[in-house]
Amino acid sequence: MKVTMIGAGYVGLVSGACFAAFGTDVVVVDVEPAKIEALKQGRMPIYEPGLDNLVAENVSDGRLTFTTDLKSAVAGADAVFLAVGTPTRRGDGHADLSYVYAAARQVAEAATGPLVLVTKSTVPVGTGREVQAIVREARPDLAIDVASNPEFLREGSAIGDFMRPDRVVIGAENERAFAQLKRLYRPLYLIETPIVATSIESAELIKYAANSFLAVKITFINQMADLCEKAGADVHDVARGMGLDGRIGRKFLHAGPGYGGSCFPKDTLALARTAQELGAPVTIVEQAVVANEARKAAMADRVISALGGDAKGKVVAILGVTFKPETDDMRDAPSLVIIPKLLEAGAKVQAYDPQPHYARQVLPDAVSFVETAIGAAHGADAVVLLTEWNEFRAIDPKKLKLAMAGTVLCDLRNVFDPVLMRECGFQYSSIGRM
Ligand code: NAI
């Protein structure tokens with residue numbers, strides 16, 4: 001079986017490398033020559049733990065190749081996956097489907113025989129039917145089946161998630177497409193992964209429903225954290241006590257500065273818009289979107305108030321700027337809201353992140369990046385822990401305090417022990433805990 005993956009981003013690259021590891025021949029295509037050139041030279045265009053080794057192994061075994069030439073990559077393929085971006089469309093909050101539709105058309109035009117065209121990108125319900133229409137119009141002469149196979153991997157643990165998923169969702173227009181996709185995922189049958197076979201519409205909606213539910217869950221615990229602060233309760237205890245109820249579950253009940261990243265913000269927004277248009281508004285998701293946006297801004301206010309209400313001329317150290325640990329992805333990271341607000345308030349911001357490559361490109365130039373966490377804390381009036389990279393858990397609080405000029409420590413991820421931090425002399429605050 002020959003598979004072509006369109007898009008060498010976080011999803012396309014990981015999925016392509018994993019399918020190759022399953023024993024399939026995979027060609028990964030991208031329009032960005034720099035990405036493909038880097039991959040050909042064995043350099044990863046993104047940071048994802050374990051990806052470099054997985055790619056190297058499969059390239060050397062001859063199952064994984066990279067190209068910018070979509071036409072040759074699609075010729076003779078049995079299955080072509082679309083793993084291109086679906087960012088928020090400027091102005092109306094809908095998903096921008098221009099990359100998906102353009103790629104679908106290119107694939108149809110390049111096809112040399114029957115194939116299954118699978119949308120792996122997260123797309124609003126109805127997109128698959130649109131892709132079907134594009135393909136039918138471009139190639140009435142060919143049996144191109146359309147399917148939807150949304151991806152649930154998480155950046156930072158993407159390979160493990162792809163290789164051992166909770167489920168694989170396949171929506172397809174006919175049995176032939178189901179059969180092709182099931183064949184491709186056969187190695188997962190051995191570990192008894194449930195395969196959810198549905199219509200294309202249901203598969204598309206499953207992805208948005210899952211992401212939106214998780215975003216609502218995070219927003220719920222964040223609001224509980226605010227309530228805990230007012231009521232003198234501890235959100236960790238509340239989350240544990242709730243989460244041990246099997247109907248609720250413990251995951252995604254960690255209070256923090258608001259969700260960010262390449263999926264939840266855009267997917268909640270897109271679901272809300274689609275639902276409004278179809279006349280079945282999902283108001284709980286609309287509310288989560290509003291609450292989450294407000295929360296990110298409120299985090300900057302927290303820091304300013306910890307500094308005595310005035311950040312002018314104060315030095316603020318930010319530990320961690322990516323949207324979560326173990327990734328270099330900055331899309332919709334809370335830091336993109338919090339840091340500009342601190343700068344606006346007159347603070348001088350010095351930041352440290354273990355993977356600062358994209359952060360340097362997207363954060364304001366006024367932010368100075370340093371090479372270590374203690375380096376960032378040097379001369380700082382306040383330290384803000386914003387992304388919980390593991391190395392921050394191991395910071396020696398005495399060294400941290402010695403480096404600082406002030407004593408404010410805002411732990412927006414509840415990483416540190418409040419009692420210990422106060423004993424060390426910090427003016428310590430966290431989320432939903434006294
Ligand atoms: P990305 O932006 O990292 O990668 C997309 C890639 O597609 C880019 O490298 C771009 O140059 C390339 N591309 C665009 N048009 C092309 C074309 N016509 N031909 C060849 N290459 C083309 O995006 P990412 O994060 O991989 O996301 C892709 C999709 O997967 C999105 O719909 C996203 O919502 C979804 N998704 C993302 C997850 C994540 O954690 N990043 C997880 C699950 C789903």
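These lines cover the structure that appears in this document, whether it is placed above or below. (Residues numbered from 1 in each chain as written. Predicted model: local features only at pLDDT ≥ 70, side-chain atom pairs only at ≥ 80, totals over all residues. Heavy atoms only, no water.)

1. What to know about the side chain of Gln350
For step 1, the next point in the chain: Assignment of secondary structure puts Gln350 in strand E10 (residues 348-352).
For step 2, the next point in the chain: We classify Gln350 as buried; its relative accessible area is 9%.
For step 3, the next point in the chain: A polar contact is formed between the side chain of Gln350 and the side chain of Lys348, at a distance of 3.2 Å.
For step 4, the next point in the chain: Separated by 2.8 Å, the side chain of Gln350 and the backbone oxygen of His378 make a polar contact.
For step 5, the next point in the chain: If near-sequence neighbours (up to four positions away) are discounted, Gln350 is found in contact with Val315, Val316, Ala317, Ile318, Ser368, Gly375, Ala376, Ala377 and His378. (Helix = DSSP H or I, 4+ residues; strand = E, 2+ residues; numbered from the N terminus. Buried < 20%, exposed > 50% of the residue type's maximum accessible area, 1.4 Å probe, protein only. Polar contact = N/O pair within 3.5 Å; in protein donor to acceptor, adjacent residues only side chain to side chain. Contact = heavy atoms within 4.5 Å.)

2. Focus on the environment of Gln355
For step 1, the next point in the chain: Within the element layout of this structure, Gln355 appears in the loop between E10 and helix H15 (357-362).
For step 2, the next point in the chain: Along the backbone, Gln355 and Lys266 are 89 residues apart, and their C-alpha atoms lie at a distance of 23 Å.

3. Focus on empty space enclosed by the protein
For step 1, the next point in the chain: In total, this model carries 1 cavity of 30 Å³ or more according to the counting rule given.
For step 2, the next point in the chain: One number sums up the size of the largest cavity: a volume of about 40 Å³.
For step 3, the next point in the chain: Every residue lining the largest cavity is listed: Thr119, Ser121, Thr122, Val123, Ser148, Pro150, Ala203, Glu204 and Lys207.
For step 4, the next point in the chain: In terms of residue count, helix H10 (residues 200-231) provides more of the lining of the largest cavity than any other element does, 3 residues in total.
For step 5, the next point in the chain: In the lining of the largest cavity, the residues fall into 3 nonpolar, 4 polar and 2 charged. (1 Å grid on protein atoms, 1.4 Å probe; cavity = no way out; pocket = protein on both sides within 12 Å on 5 of 7 lines; lining within 4 Å. Points joined across faces, edges and corners; volume = space filled by probe spheres on them. Nonpolar A, V, L, I, M, F, W, Y, C, P; charged D, E, K, R; others polar.)

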